[in-house]
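Notes for the structure review
In case you want the letters, here they are:
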Amino acid sequence: MVQVEEALQTILAHTPVLEAVEASLVNPNLRDSQLSGDDAEAMGLILAENVHAESDLPQEPRSAVDGFAVVASDKAGERHVLPEITAGKPAAIRVEPGTVAPIMTGGVLPPGADAVVMVEDVEQRDGIVVIPPGTRAGQHVHPVGADMVRGQPVLAAGTRIGPAEIGLLATLGQVRVKAHRVPRVSVLATGDELVDPWEPLGPGQVHDSNRYALMAAAREAGARTVWQGKALDDEAEQERLIREALDHGDVVLTSGGVSMGTRDLIKPILARLGTVHFGRVNFKPGKPLTFATAGEKLIFGLPGYPVSSLVTFEVFVRPALLKMQGRRDVFRPRVDVELEHEVKPDASRAEYQRAVIRWEEGRFLAKTTGSQSSSRLLSMSGANGLLLIAPGTERLGAGSRVPALLLATV
Ligand code: AMP
Ligand code: MG
């Protein structure tokens, strides 16, 4: 049996960073054959290259406000008004002492002018304006390179492409970037008792919820689910379906069939198809978690209990999926929380209890989500954190401080 840290190290040591592909800012014609239309879009992918500015931004000095372009040192009280400078074209006039040019926000500062006075601060009457004293050179002017200097690094490899990065790429005129391919994940549920969610339940049957929850979790982690199936507790059938899942995915997730029962058949199958790196973790919920590799592909044998399968996904599978996408920080943020009530953990294992964490008066407070039974999926719903309770902990009183992983915003 391995400890949580060792399990994570083993998984990440066997997890490849997937190759870079061309991703496009907007143009769906730039689709890569391996990718769906969605994946070809840069949004949400991780940059695989550094991006630099190829020119200054702005390229010319521009007015930051609507007003009048002036010579700052000009002492004239009344000044003659020149033709207006609108945005989007070079300034065709020259501002001399005694004159001003009306200018729009974003208009190119005309030669001669070195400052802009806001329209609100100016007195205007028939063809002349009166500029108040005290104009500073450079006032309300965006100088060349104010936002970005030619050659400057703008985005670093490893950055997630979000709305601001999309905006920056568009600003730079860069419509294609290299980004890491997202992993393809195959999901297989096992169990004689499973029926599809749209079918009525017979005696002893349960709806297969893990397959759907795991596909949703994989998508939420940025992966693409490409194959899914359901197998009876039959060794030949399970082996055939795992082989098929491997053909389609970079990662295979199985659910159920990894504990100690006579119908738990996954571990020996994985040992035949690849290398099993561990088959038990000192972890609750989800001790039987099994991790194997077949070449560059990862196979996670997740436990069958609905909570165990989702929590082991969160703690062990999600970091691997993020690493494959090129993410540098693959772990959730960790904070210290103060318990609002007593917690009695399972002292024999590291226990990850689901909790609702909130910020109040300068500290994080946490309540667990009620019964932490591995079959009770309700204990996951609404949880935004996992309390990390070290093995050997018998009891934590109200007010105790424990570390927690933040799964969602507080
Ligand atoms: P197992 O690990 O296969 O022994 O399954 C443990 C428990 O989880 C059993 O009560 C199963 O019925 C339940 N279970 C297994 N797979 C699923 C699934 N796909 N959806 C919902 N419950 C499941
Ligand atoms: Mg089973």
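Bear in mind the structure is a predicted one, so any value in this text is a computation, not a measurement.

What counts, and where the lines are drawn
Residues numbered from 1 in each chain as written. Chains lettered and ligands numbered in written order. Predicted model: local features only at pLDDT ≥ 70, side-chain atom pairs only at ≥ 80, totals over all residues. Heavy atoms only, no water. Helix = DSSP H or I, 4+ residues; strand = E, 2+ residues; numbered from the N terminus. Buried < 20%, exposed > 50% of the residue type's maximum accessible area, 1.4 Å probe, protein only. Contact = heavy atoms within 4.5 Å. Areas by Shrake-Rupley, 256 points an atom, 1.4 Å probe, with all protein chains shown as cover. Near = heavy atom within 4 Å. Polar contact = N/O pair within 3.5 Å; in protein donor to acceptor, adjacent residues only side chain to side chain. Nonpolar A, V, L, I, M, F, W, Y, C, P; charged D, E, K, R; others polar. Core = buried A, V, L, I, M, F, W, Y, C linked by side-chain atoms within 4.5 Å. Pairing = 2+ DSSP bridges. Axes fitted to C-alpha atoms, helices over the stretch in contact; angles between N-to-C directions. Salt bridge = Lys/Arg side-chain N within 4 Å of Asp/Glu carboxyl O. Parallel < 35°, antiparallel > 145°, perpendicular 65-115°, else oblique. Left-handed = near helix turned anticlockwise from the far one by under 90°.

What the protein chain contains, in helices and strands, is six helices and 26 strands. Projected onto its principal axes, the C-alpha coordinates of the protein chain cover approximately 95 × 55 × 40 Å. Scored against the burial criterion, the 410 residues of the protein chain give a buried share of 49%. In the protein chain, the share of contacts with a sequence separation of at least 24, taken over all contacts with a separation of at least 6, comes to 69%. About 19100 Å² of surface is accessible on the protein chain, with carbon and sulfur atoms providing 51% of the total.

Let's shift gears to the site of ligand 1. Close to ligand 1 lie 17 residues; E193, D208, S209, G257 and G304 are nearest. Here S209 contributes a backbone N or O atom positioned 3.0 Å from a nitrogen atom of ligand 1. Here a nitrogen atom of ligand 1 and a backbone polar atom of N210 are 3.3 Å apart. A total of 480 Å² of accessible area belongs to ligand 1 in isolation, and the protein chains cover 80% of it. Contributions of two or more residues to the shell around ligand 1 are made by β13 (184-190) and β15 (206-207). Tallied by class, the residues present in the shell around ligand 1 amount to five nonpolar, nine polar and three charged.

This paragraph deals with the nonpolar core. Residues L253, V281, F300, F313, F316, L321 and Y352 are the most contacted members of the largest nonpolar core, which totals 41 residues. When contributions to this core are tallied by element, the ones reaching two or more residues are α1 (4-13), β13, α3 (210-220), β17 (251-255), β21 (297-302), α6 (306-324), β23 (350-360) and β25 (385-389). The dominant element in this core, judged by the number of residues it contributes, is α6, at 10 residues. Not counting chain neighbours up to four residues away, the residues in contact with F313 comprise L214, A217, A218, A221, L253, R318 and L321. Among the nonpolar cores identified, the runner-up in size contains 17 residues, and L188, L241, L265 and I299 belong to it.

This part takes up the side chain of T99. Structurally, T99 is set in strand β6 (residues 99-103). In terms of polar contacts, T99 uses its side chain to reach the backbone carbonyl oxygen of E96, at 2.7 Å.

Before going further, it helps to examine the pairing of β13. Most of β13 is tucked away: seven of the seven residues are buried. Neither face of β13 is left uncovered, since the one carrying R184, S186, L188 and T190 and the one carrying V185, V187 and A189 both have all their residues buried. Looking at chain direction, β13 and β17 are connected through five bridges and run parallel. The residue of β17 that forms the bridge with A189 is S255.

Pairing is mixed in the open sheet, where six strands are placed in the order β16-β13-β17-β21-β20-β18. What marks the edges here is a single partner per strand, and that holds for β16 (224-231) and β18 (275-278). Adjacent strand axes in the sheet meet at a mean angle of 20 degrees when their direction is disregarded. Relative to β16, α3 is tilted by about 165 degrees, and along the sheet it contacts β13, β16, β17 and β21. α6 contacts β13, β17 and β21 of the sheet and is inclined by roughly 170 degrees relative to β21.

A word on the pairing of β23. As paired strands, strand β19 (residues 283-284) and β23 are joined by two bridges and run parallel to one another. Looking at the pairing, F283 lines up with A350 of β23. With five bridges joining them, β23 and β25 adopt antiparallel strand pairing. Residue pairing across strands places R354 opposite L386, the latter belonging to β25. Where β23 and strand β24 (residues 363-368) come together, six bridges link them in antiparallel fashion. Counterpart to R358 in the pairing with β24 is L365. What sits between the antiparallel neighbours β23 and β24 is a turn of two residues, in which E361 has the positive phi angle 45 degrees.

Our focus in this paragraph is the pattern of salt bridges. Once the charged atoms of two side chains with opposite charge are near each other, the side chains can pair. All told, the structure shown has 25 salt bridges when counted by the stated rule. R176 is paired through a salt bridge with E22; the nearest N and O atoms lie 3.8 Å apart. Here E22 lies in strand β1 (residues 20-24) and R176 lies in strand β12 (residues 176-180), a separation of 154 residues in the sequence. Overlapping salt bridges, with partners in common, bring together E19, R181, R184 and D250 in one network.

Let us now look at the packing of α1 against α6. Following both chains from N to C, one finds α1 and α6 inclined at 30 degrees, their axes separated by 10 Å at the closest point. In terms of axis orientation, α1 runs roughly parallel to α6. Two packed elements cross with a definite hand, and for α1 against α6 that hand is right-handed. The segment α1 lies against α6, with V4, A7, L8, I11 and L12 engaging V315, F316, P319, A320 and K323. Across the contact of α1 with α6, the residue classes tally to nine nonpolar, no polar and one charged.

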